Amino acid sequence: MSVSPLTLFAQEVEMADSLRSSGKIYVVVAIVLVILLGLIGYLISLDRKVSRLEKRIPEAKK
Amino acid sequence: MKKQWWKISAALLLIYSVVGGLLFEVPRLNIVNETIRALYFHVPMWFGMVAMFLVSTYHAIQYLRNSQSIHDTYSISFATIGLVLGLLGIVTGMIWANYTWGSPWHGDPKQNGAAIALLVYFAYFILRGSVANQEQRSRLSAVYNIFAFAAMIPLIFIIPRMTSSMHPGSGGNPGFNMYDLDSKMRMVFYPAVIGWIAMGTWIASLLVRTHLLTEKLEELEDEQNS
């Protein structure tokens, strides 16, 4: 971890430093990413379903 | 996969904003501490909401100009997603306020303004639901939509700036004044804003397409019945 002059100056402000140094922050990142990717994947499948319906009813496309 | 590049970029920008938002270095500030990272997720909700409402109002004006039902469809779809983003913004703000200000609803001008703006937009949906005639509904709600957007501007952008607010960055600019100095935060914040606007547009476009399909199916059913 690089330490900038600004962080040295304000080192007494409490931050989640131990969560970061222990590496457990990556667990949180992984969890949030799984949820986000899951939702994006679901959105893609919805998009495809709508596209399939539009092919069956071609006039519906503007 | 033609014309789909912006959907992929929306997904990539949001993935980047989650990784960067949780891992990149942020300024060490008293009171907000680590919750400064909420800026990457809470504030893009409001930017997204305003963008959605702006598109909705644009199509409301277009509808009043040429009475094409496609503009009404766009207007309601974007207003719906705007309201969803606004609700997410207010809920995330309440979670943050509970731990930083001591209570979820602090009566801060930013909170009150946002709540009234959302109520104004709730009325848009109530108005739509209360008019049976389709053409009347489109016309009335288009007029109201323009009023709602005009009411939202002072409620969200002007009044909180005129009074003292405890919201981070207040005292002049109630958005992100105190983070403005930190260019590292901007490198995550702006991609997050663009990502959420694109994501909102994507979901709204799906709403538009299902609206159009429903209309077409109803037409086909009418033909069969006649």
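Up top you'll find the structure we're talking about.
A short tour of the structure in this document, coming up. Given the structure is predicted, the values throughout are model-derived calculations rather than measurements. (Residues numbered from 1 in each chain as written. Chains lettered and ligands numbered in written order. Predicted model: local features only at pLDDT ≥ 70, side-chain atom pairs only at ≥ 80, totals over all residues. Heavy atoms only, no water.)

1. Things to note about the pattern of salt bridges
Evaluated as defined, the whole model comprises eight salt bridges over all chains. Its salt-bridge partner being E34(B), residue R20(A) comes within 2.9 Å of it at the nearest N-O pair. Of the two residues, R20(A) is situated in helix α2 (residues 17-21) and E34(B) in the loop between α1 (5-23) and α2 (39-66); the pairing between them involves two chains. E34(B) shares its class with R20(A); the two are buried. The salt bridge partner of E54(A) is R209(B), with a shortest N-O separation of 2.9 Å. Pair noted here: E54(A) is in helix α3 (residues 25-56) and R209(B) is in helix α6 (residues 183-225), and the two residues belong to different chains. (Salt bridge = Lys/Arg side-chain N within 4 Å of Asp/Glu carboxyl O. Helix = DSSP H or I, 4+ residues; strand = E, 2+ residues; numbered from the N terminus. Buried < 20%, exposed > 50% of the residue type's maximum accessible area, 1.4 Å probe, protein only.)

2. What about the packing of α2(B) against α6(B)?
Residue and element names in this part refer to chain B. Interaxial distance between α2 and α6 falls to 8 Å at its minimum, and their mutual angle equals 45 degrees. Comparing their axes, α6 and α2 come out oblique. Here the hand of the crossing between α2 and α6 comes out right-handed. Here L39, Y40, V43, P44, M45, F47, G48, A51 and M52 of α2 lie close against α6, whose contacting residues are M185, V188, F189, A192, V193, W196, I197, G200 and T201. Residue composition of the contact of α2 with α6, grouped by class: 15 nonpolar, three polar and no charged. (Axes fitted to C-alpha atoms, helices over the stretch in contact; angles between N-to-C directions. Parallel < 35°, antiparallel > 145°, perpendicular 65-115°, else oblique. Left-handed = near helix turned anticlockwise from the far one by under 90°. Contact = heavy atoms within 4.5 Å. Nonpolar A, V, L, I, M, F, W, Y, C, P; charged D, E, K, R; others polar.)

3. Things to note about the packing of aromatic side chains
Residues and elements named next belong to chain B. Here the structure, examined in full by the defined rule, presents nine aromatic pairs over all chains. Ring centres 5.3 Å apart and planes at 75 degrees place the aromatic pair W96 and W101 in the edge-to-face group. Residue W101 is classed as buried on the basis of its relative accessible area of 15%. Between Y124 and F125, the aromatic rings sit 5.3 Å apart at their centres with planes inclined by 85 degrees, giving edge-to-face as the arrangement. With relative accessibility at 0%, the residue Y124 sits in the buried group. (Phe/Tyr/Trp six-rings, centres within 6.5 Å; stacked < 30°, edge-to-face > 60°.)

4. Comments concerning α2(B)
Taking 1.5 Å of rise per residue, 28 residues should cover 40 Å, and α2(B) covers 40 Å from first to last C-alpha, within 8% of that figure. Immediately downstream of α2(B), the backbone of S67(B) shows phi near 55 degrees, a positive value. (Expected span 1.5 Å × (residues − 1).)

5. So, the interface of chain B and chain A
Contact with chain B, which involves 31 residues of that partner, is made by 32 residues of chain A. Between chain B and chain A lies a buried interface of about 2900 Å² when both sides are counted; carbon and sulfur atoms form 70% of it. Three residues stand out in chain B for area buried against chain A, namely R28(B), R209(B) and L213(B), and they jointly supply 26% of the buried area on that side. Summed over the shared surface of chain B and chain A, the result is five salt bridges. Here D47(A) and R209(B) are joined by a salt bridge, their closest N and O atoms 3.1 Å apart. On the surface where chain B and chain A come into contact, there are 11 residue pairs in polar contact (both at pLDDT 80 or more). (Buried area = accessible area lost by both parts, 1.4 Å probe. Polar contact = N/O pair within 3.5 Å; in protein donor to acceptor, adjacent residues only side chain to side chain.)

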